Amino acid sequence: MRKKLIIGNWKMNKTKSEILSFVKDFQNEIKNLNLNCDYGIAPSSIYLDFTKEAFKDNNKIIISAQDAHFEEKGAFTGSNSWSQIKDIGIKYSIIGHSERREMFGDNNTVVNKKTSKLLEEKIVPILCVGESLEDRESGKANDFVTKQLEMALIGIKENEIKDLVIAYEPIWAIGTGKSATSQDAEDMCAEIRNKIKCLYGEEIANKIIILYGGSVNEKNGKEYLSQNNIDGALVGGASLDAKLFVRLLKVVA
Ligand code: PGA
């Protein structure tokens, strides 16, 4: 049985005082709840340490980076390396989010290097894949996503992959309020699991956590999470408000 996982991706949002007020509300909301899912938040890198400290009374929450450079150190202005992330005790990082792919040049080769390095360093990559509206409408979504996945996993061996988390996020559903139908999301997640099965065998495919992301909220969350191959969600907008985020955790847990 795969445990459900919900990660809130704050993207480039929140200041210190907003983080503190989120944490206060969040802790208050979950106080008497027995949540039966894993959950976490991915704040901006500048506040990773701060957010971790702010949540020090919560030993369950996962604090995840939004990206990690595959090099240990060097002349990469503006980047954060996997080793810096590891140094501050962060154990998860989103990799290959479509916004990084589209706006920061994270192509399949870069995504592969990052995924591979993180697995080697025992940081869990939350590897994002997803097609554009054009690919979906022209019937190429499955091919596009499975190819993206295959490229991200080049050179990664069976004994390294077990901790990987995959997030299927159709680009057209991100931040648009236009979510995929639960059936479309389930079909693609099943396709992804099948690809993992072809590459790494059934045992690994059955264990790997696959999230859906794209306008998930407390209203549609249960429907997605009740699908066989969807093990959780990567949530943008609906993770910014502590009360709404906890409401989502409650409906899926
Ligand atoms: P959204 O973002 O929930 O605001 O659509 C999801 C994501 O980009 O991970």
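Caption draft 1: Representation of the overall build of the protein within the structure. Helix and strand counts for the protein come out as 12 helices and eight strands. Relative to its length of 253 residues, the protein is compact, with a C-alpha radius of gyration of 17 Å against a globular reference of 18 Å. Its C-alpha atoms give the protein principal-axis dimensions of about 45 × 45 × 35 Å. In the protein, buried positions account for 51% of the 253 residues. Look at the contacts in the protein between residues 6 or more apart in sequence, and 72% of them connect residues 24 or more apart. Carbon together with sulfur atoms contributes 47% to the accessible area of the protein, which is approximately 12,400 Å² in total.

Caption draft 2: Structural view of the layout of surface pockets. There is about 620 Å³ of room inside the largest pocket. Taken together, 25 residues line the largest pocket, and the ones lying closest to its centre are Met 12, Gln 66, Asp 67, Arg 100 and Phe 104. Per element, the largest residue contribution to the lining of the largest pocket is three residues, and it comes from helix H4 (residues 98-103). Split by residue class, the lining of the largest pocket holds eight nonpolar, 11 polar and six charged.

Caption draft 3: Quick peek at the site of the ligand. In the vicinity of the ligand lie 13 residues, with Lys 11, His 97, Glu 169, Gly 175 and Ser 215 positioned nearest. Separating an oxygen atom of the ligand from a backbone N or O atom of Gly 175 is a distance of 2.6 Å. Between the ligand and Ser 215 there is a distance of 2.7 Å, counted from an oxygen atom to a backbone nitrogen or oxygen. Compared with its free state, where it exposes 280 Å², the ligand has 95% of that area covered by protein. Of the residues belonging to the shell around the ligand, the class tally is four nonpolar, seven polar and two charged.

Caption draft 4: Quick look at helix H1 (residues 16-30). The terminal C-alpha atoms of H1 lie 21 Å apart, and with 15 residues this matches the ideal 21 Å at 1.5 Å per residue to within 8%. Looking at H1, one finds that the buried residues are Ile 19, Phe 22, Val 23, Phe 26 and Ile 30. Down the axis, H1 shows its buried residues gathered within 100° of arc, on one side only. Turned more than 90 degrees from where H1 packs its buried face, Ser 17 and Lys 24 sit exposed. Structurally, H1 contributes buried residues whose contacts are with strand E2 (38-42), helix H2 (48-54) and helix H12 (242-252).

Caption draft 5: Quick look at the sheet that holds strand E4 (residues 92-95). Spatially, the eight strands close up into a barrel ordered E1-E2-E3-E4-E5-E6-E7-E8, and their pairing is parallel. Taken pair by pair, the neighbouring strands of this sheet meet at an average axis angle of 25°, ignoring direction. In terms of strand pairing, strand E1 (residues 5-9) meets E2 through five bridges, oriented parallel. Each bridged residue has a counterpart across the sheet, and for Leu 5 the counterpart in E2 is Asp 38. Across the sheet, helix H7 (residues 141-152) is in contact with strand E5 (124-129) and strand E6 (165-168); its angle to E5 comes to roughly 150°. Docked against the sheet, helix H9 (residues 182-200) engages E5, E6 and strand E7 (209-213), running at close to 145° with respect to E6.

Thresholds, definitions, all that
- Residues numbered from 1 in each chain as written.
- Predicted model: local features only at pLDDT ≥ 70, side-chain atom pairs only at ≥ 80, totals over all residues.
- Heavy atoms only, no water.
- Helix = DSSP H or I, 4+ residues; strand = E, 2+ residues; numbered from the N terminus.
- Rg over C-alpha atoms; globule rule 2.2 N^0.38 Å.
- Buried < 20%, exposed > 50% of the residue type's maximum accessible area, 1.4 Å probe, protein only.
- Contact = heavy atoms within 4.5 Å.
- Areas by Shrake-Rupley, 256 points an atom, 1.4 Å probe, with all protein chains shown as cover.
- 1 Å grid on protein atoms, 1.4 Å probe; cavity = no way out; pocket = protein on both sides within 12 Å on 5 of 7 lines; lining within 4 Å.
- Points joined across faces, edges and corners; volume = space filled by probe spheres on them.
- Nonpolar A, V, L, I, M, F, W, Y, C, P; charged D, E, K, R; others polar.
- Near = heavy atom within 4 Å.
- Polar contact = N/O pair within 3.5 Å; in protein donor to acceptor, adjacent residues only side chain to side chain.
- Expected span 1.5 Å × (residues − 1).
- Arc of directions from axis to C-beta.
- Pairing = 2+ DSSP bridges.
- Axes fitted to C-alpha atoms, helices over the stretch in contact; angles between N-to-C directions.

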